[in-house]
Each structure stands twice: as C-alpha cells, then as structure tokens.
Amino acid sequence: MESGLNKKVVLITGAASGIGAAAARAFAEEGADLALIDVNEQGLVELANELQGEDRVVSLAVADLATREGVERGIEEALAAYDSHIDVLVNNVGVCIARSFDQTTDDDWLHTWNLNFMSYQRASAKVLPRMRAQGSGCIINNASDLARQPESLFPDYAAAKAAVLSLTKCLALEEGPHIRVNAVAPGPIETPLWTSPNGLADRLALVHHLPPQVAVSHELRLRRLPLGRLGRPEEVANVMVFLATDLASFVTGSVWGIDGGSIRSLC
C-alpha cells in the first residue's frame with residue numbers, strides 16, 4: 001500500500017542508534033526526507049552516510065536534548081534544510097538506568113525528567129506552531145511498557161514515561177482534527193540501551209547475580225513475556241511509520257504496545 005510519506009519531512013530525536021536509527025531507516029524506505037538530532041555526532045554521521053541518496057535529504061543536528069536551548073537549537077538546525085517545514089515529529093530520545101528508588105538521587109530524577117519528558121514537551125511546543133499554520137502534522141512519542149506497568153528498578157524512567165502518555169493524550173485532544181498525536185510503548189528492545197557496556201544487561205547481571213545474557217533471560221521470565229525474547233528496533237519503527245501514514249488517519253490519542261505481550265491489563 002502507498003504510505004504517502006514520500007518527500008515528507010520527518011524529524012527524529014535520539015536518532016543516532018537503537019529505535020531512533022531504526023525509525024530513520026524505516027522512514028527512509030518510504031521516501032521521507034529526514035531531520036535527525038542526537039548528542040552522538042559520530043553515530044549521526046554514520047547513519048546519514050548510510051541513508052543519504054540522490055533523491056533523499058538527510059539533515060543533521062548535534063544537540064543536548066536535556067536542555068531547552070539544545071532542543072530549540074537542534075530543531076532549528078535540523079529543519080533549516082527544509083525552510084523549517086516539518087510533517088512528522090518522532091520524540092524518541094531517552095535514558096534508562098536500572099537502579100532502586102533509594103539509589104536514585106535528585107539529580108538522577110531531574111536528568112531523566114529533562115531528557116525523557118521535557119525534551120518531548122519542548123520539541124512538541126517548538127514544531128506545533130508550524131504544523132498548525134500548515135493545517136497538518138503528526139507527532140509520535142516513544143513511551144514504554146513501564147509507563148503502564150512499572151518495575152521497581154526503574155522508578156524515574158517509569159514515572160517520566162507515564163507523563164509522556166499523559167502528554168500524548170492531552171495534545172491529541174488539543175490539536176485535533178488536523179494534527180494527530182500518538183504514542184508507542186515498547187517493551188524490552190535489543191538496543192545499545194541493553195547491550196552496551198554498563199547497559200541494562202550488565203546492570204541486571206549485578207542485580208540478579210547472573211551473567212548478562214542469562215540475567216536478561218531471567219528478567220524476561222520474571223516479566224512473563226509471552227514471546228520470550230527481546231524485541232528488535234525495526235519492530236518498533238514499523239509501527240511508528242504506520243502511525244505517521246494516512247493509513248492511520250483515524251488514529252489519535254492512542255498508545256500502541258510493541259511489548260511482546262508484557263502488558264496483560266485490558267487498557
């Protein structure tokens with residue numbers, strides 16, 4: 001089916017790796033032009049070199065999205081190639097560290113809040129006037145299954161992601177009928193967040209006193225995950241692309257679980 005995304009401008013935060021990079025690849029497959037923002041310059045450049053083509057523009061901005069200045073400057077730089085036009089915003093950047101409530105300091109809470117929630121609010125506030133002026137647009141927020149089903153080792157992350165779901169619902173009500181706002185809620189996904197040194201696999205190894213891969217399998221059993229594996233970034237990206245297309249034209253204010261069945265409640 002025709003997605004209608006050819007030459008649409010898609011801005012993705014946290015695009016250098018993981019779900020953000022997978023989303024960039026998936027939107028590129030549909031012919032979209034890309035505006036990519038991350039603090040990781042090397043990762044952005046490598047991704048742009050991979051995706052750049054004769055018929056595709058890939059614009060980059062290196063910015064710290066935990067700050068207002070970083071969000072606003074990053075978006076201005078990333079969209080400059082498109083005369084500030086934007087069709088789709090994918091709020092994706094985030095940090096997740098396994099630690100108990102007692103181990104989470106005030107600075108930890110504030111950093112997670114600024115990156116995982118305030119960057120979404122600030123990015124949305126930055127692009128919404130442009131979307132309103134053109135009478136169309138789509139925002140996709142990357143939340144988490146932990147927003148709806150918190151785990152004790154992720155108190156700050158779960159709280160910030162729950163706020164993302166609330167923001168999604170509020171903006172969907174505020175911005176209809178011309179702008180749609182939805183969220184995806186991934187479960188455990190095999191990204192550098194899990195696999196990098198000192199990532200979640202290593203931290204879970206310390207928590208469960210097991211080798212990293214065994215600790216991950218143990219964690220998935222504890223969560224009673226029906227599909228019994230980590231998800232793949234492209235499995236999240238595919239849903240993001242769908243939500244950005246006219247195939248989802250009657251979808252707004254929704255939360256799409258891409259979680260391997262981790263959420264067992266009815267809502």
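Everything numeric in this text was worked out from a predicted model, so none of it was measured.

What counts and how
- Residues numbered from 1 in each chain as written.
- Predicted model: local features only at pLDDT ≥ 70, side-chain atom pairs only at ≥ 80, totals over all residues.
- Heavy atoms only, no water.
- Pairing = 2+ DSSP bridges.
- Helix = DSSP H or I, 4+ residues; strand = E, 2+ residues; numbered from the N terminus.
- Axes fitted to C-alpha atoms, helices over the stretch in contact; angles between N-to-C directions.
- Contact = heavy atoms within 4.5 Å.
- Core = buried A, V, L, I, M, F, W, Y, C linked by side-chain atoms within 4.5 Å.
- Buried < 20%, exposed > 50% of the residue type's maximum accessible area, 1.4 Å probe, protein only.
- Parallel < 35°, antiparallel > 145°, perpendicular 65-115°, else oblique.
- Left-handed = near helix turned anticlockwise from the far one by under 90°.
- Nonpolar A, V, L, I, M, F, W, Y, C, P; charged D, E, K, R; others polar.
- Salt bridge = Lys/Arg side-chain N within 4 Å of Asp/Glu carboxyl O.

K.L.:
Where do I start with the sheet that holds strand E1 (residues 9-13) in this structure?
P.N.:
In any sheet, the strands associate via hydrogen bonds between backbone groups, in a parallel or an antiparallel arrangement. A sheet is described by the order of its strands in space; here seven strands give the open sequence E3-E2-E1-E4-E5-E6-E7, paired in parallel fashion. Unpaired on one side and paired on the other, strand E3 (58-62) and strand E7 (255-258) mark the two borders of the sheet. The sheet shows a mean angle of 15° between the axes of neighbouring strands, direction not considered. Relative to E1, helix H1 (residues 18-29) is tilted by about 170°, and along the sheet it contacts E1, strand E2 (33-38), strand E4 (88-91), strand E5 (137-142) and strand E6 (179-186). Where helix H4 (residues 106-134) meets the sheet, it contacts E4, E5 and E6, and its direction lies at approximately 175° from that of E4.

K.L.:
Looking at this structure, I do not really get the nonpolar core. What am I missing?
P.N.:
Grouped burial of nonpolar side chains is what soluble globular proteins tend to show. Ranked by size, the top nonpolar core spans 37 residues in total, and within it Ile12, Phe27, Leu34, Leu36 and Met240 carry the most contacts. Only E1, H1, E2, helix H2 (41-51), E4, E5 and helix H9 (233-244) provide two or more residues apiece to this core. Broken down by element, this core gets its largest block of residues, eight residues, from H1. Apart from residues lying up to four places away in sequence, Met240 is in contact with Ile19, Ala23, Phe27, Val90, Asn92, Ile140, Asn142 and Val184. Within the second largest apolar cluster, 36 residues are counted, among which are Ile37, Ala78, Leu128 and Leu167.

K.L.:
What's the story with the packing of H4 against helix H5 (residues 155-175) in this structure? I'm lost.
P.N.:
Any two packed helices are characterised by how steeply their axes cross, that is the angle between the axes, and by the distance between the axes. One way to put it is that H4 packs onto H5 with a least axis distance of 8 Å and a crossing angle of 15°. In terms of their interaxial angle, H4 and H5 are classed as roughly parallel. The two elements H4 and H5 cross, and the hand of that crossing is right-handed. Where H4 approaches H5, its residues Asp108, Trp109, Thr112, Trp113, Asn116, Phe117, Tyr120, Gln121, Ser124, Leu128 and Arg132 are matched on the opposing element by Pro155, Asp156, Tyr157, Ala159, Ala160, Lys161, Ala163, Val164, Leu167, Leu171 and Glu175. Its residues assigned to classes, the contact of H4 with H5 shows 13 nonpolar, four polar and five charged.

K.L.:
Explanation requested: the environment of Val95 in the structure shown.
P.N.:
Positionally, Val95 belongs in the loop between E4 and H4. Between the C-alpha atoms of Val95 and Leu153, which are 58 residues apart in sequence, the distance is 14 Å.

K.L.:
What is the right way to look at the pattern of salt bridges in this model?
P.N.:
A side chain of one charge can pair with a side chain of the opposite charge if their charged atoms are brought near each other. Taken as a whole and judged by the stated rule, the model has 13 salt bridges. Among the salt bridges present, the one from Arg99 reaches Asp156, with a minimum N-O distance of 2.6 Å. One end of the pair, Arg99, is in the loop between E4 and H4; the other, Asp156, is in helix H5, and 57 residues separate them in sequence. Under the relative-accessibility criterion, Arg99 is labelled buried at 11%. Here Arg229 makes a salt bridge to Glu235, at a shortest N to O gap of 2.9 Å. Glu235 gets classed as partly exposed once you look at its relative accessible area, which sits at 21%. A network of salt bridges, in which partner residues are shared, links Arg229, Arg232, Glu234 and Glu235.

K.L.:
For this particular structure, what's the right way to read the pairing of E2?
P.N.:
Taken residue by residue, a regular strand's side chains alternate between the two faces of the sheet. Along E2, six of the six residues are buried, which leaves the element largely enclosed by surrounding structure. Because side chains alternate across E2, one face comprises the buried residues Asp33, Ala35 and Ile37, and the other comprises Leu34, Leu36 and Asp38, equally buried. With five bridges connecting them, E1 and E2 associate as parallel partners. In the sheet register, Val9 faces E2, and the bridge partner there is Asp33.

The quantities given are spatial measurements derived from coordinates; they are silent on function.
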